[in-house]
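Summary of structural features
If you want the building blocks of each chain, they are given just below.
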Amino acid sequence: MELYLDTADVAAVKRLARIFPLSGVTTNPSIVAQGGQPVWQVLPQLQEALGGQGTLFAQVMGRTAEQMVSEARQLHQRVPGIVVKVPVTAEGLAAIKCLKQEGIPTLGTAVYGAAQGLLAALAGAEYVAPYVNRVDAQGGDGLQMVRELQSLLKLHAPQAKVLAASFKTPRQALDCLLAGCEAITLPLDVAQQFLSAPAVEAAVVKFEQDWKQAFGSTDL
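Note that the structure is a prediction, hence the values are computed from the model and not measured.

This part takes up the state of the cysteines. In total, this model carries zero disulfides according to the counting rule given. The cysteine Cys176 is free of any disulfide, with Cys181 supplying the nearest cysteine sulfur at 4.7 Å. Assessed through its relative accessible area of 0%, Cys176 is described here as buried.

Right, here's the structure in full:
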């Protein structure tokens, strides 16, 4: 399983990389824009925050296949090992095909349907990112879409992985993992919710109280 953080917050990545078994960081244009730093500045900082390890994902901005391929080449040249995110539009599919031929790894993003995700995988994307919560917000069933996409890739494009994205709760992420997803990316607030368990802290406090009462301190 691969676990990513979906953020461009360098300080948060550095803090959580000490705790989580992270495989890397995913970004998108909105996330980078919120941070206020150009992508060429923030990507090296994110890599450093990960301790020089892990995979980074960054998205092209072009709308035509030619523009997407050109930007993907720049990302590939300037950030070794990066996976280029390409929206799964008609032009995006054409770009993914070209980038596959050039050996530049891609992720098909902005996936709102299983068939759309399958096309990205067949075009050559190494990862496909279904937007779980966004589908739910539009009245669909994000988890069902993920299940269908997972089954389609297993049958027809086993070289590609579902990298589930767009979560509002830990439960959504866990359900995707139970559906067989090999990778997920968590926004910071959802990642923090995985660590937020008041009952756990209460249990630890009780252990300390009992130990101190018996032995006079909390040392072993």
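The strand order around the closed barrel built from eight strands is 1-2-3-4-5-6-7-8, with neighbouring strands paired in parallel fashion. The sheet shows a mean angle of 25° between the axes of neighbouring strands, direction not considered. Pairing geometry for strand 4 (residues 83-87) and strand 5 (residues 106-111), over four bridges, is parallel. The partner of Val84 across the bridge, within strand 5, is Thr106. Together, strand 5, strand 6 (127-130) and strand 7 (161-164) form the strand contacts of helix 8 (residues 142-156), whose direction differs from that of strand 6 by roughly 165°. Docked against the sheet, helix 10 (residues 188-195) engages strand 1 (2-6) and strand 8 (183-186), running at close to 100° with respect to strand 8.

What follows deals with the nonpolar core. Membership of the largest hydrophobic core comes to 58 residues, with the highest contact counts inside it found for Leu43, Leu153 and Phe167. If near-sequence neighbours (up to four positions away) are discounted, Leu43 is found in contact with Leu56, Ala58, Leu75, Val79 and Ile82. Core analysis: the next-biggest nonpolar cluster, separate from the first, contains eight residues, Val83, Leu107, Ala129 and Ala183 among them.

Two elements in contact, helix 5 (residues 90-102) and helix 6 (residues 114-123), have axes separated by 8 Å at closest approach and are oriented at 25°. On the basis of the axis angle, helix 5 is roughly parallel to helix 6. Residues Leu93, Ile96, Lys97 and Lys100 of helix 5 touch helix 6, and the partners they reach there are Leu119, Ala120 and Ala123.

Of the two faces of strand 8, both are covered, the one formed by Ala183 and Thr185 as well as the one formed by Ile184 and Leu186. Pairing of strand 1 with strand 8, which is carried by four bridges, proceeds in the parallel orientation. Note that in strand 8 the partner of Glu2 across the bridge is Ala183. Taken together, the two bridges between strand 7 and strand 8 define a ladder with parallel strand orientation. Bridging across to strand 8, Ala164 finds its partner in Ile184. For the crossover from strand 7 across helix 9 (residues 170-178) to strand 8, the handedness is right-handed.

Rules and cut-offs
Residues numbered from 1 in each chain as written. Predicted model: local features only at pLDDT ≥ 70, side-chain atom pairs only at ≥ 80, totals over all residues. Heavy atoms only, no water. Disulfide = S-S within 2.5 Å. Buried < 20%, exposed > 50% of the residue type's maximum accessible area, 1.4 Å probe, protein only. Pairing = 2+ DSSP bridges. Helix = DSSP H or I, 4+ residues; strand = E, 2+ residues; numbered from the N terminus. Axes fitted to C-alpha atoms, helices over the stretch in contact; angles between N-to-C directions. Contact = heavy atoms within 4.5 Å. Core = buried A, V, L, I, M, F, W, Y, C linked by side-chain atoms within 4.5 Å. Parallel < 35°, antiparallel > 145°, perpendicular 65-115°, else oblique. Right-handed = clockwise from strand over helix to strand, strands pointing away.

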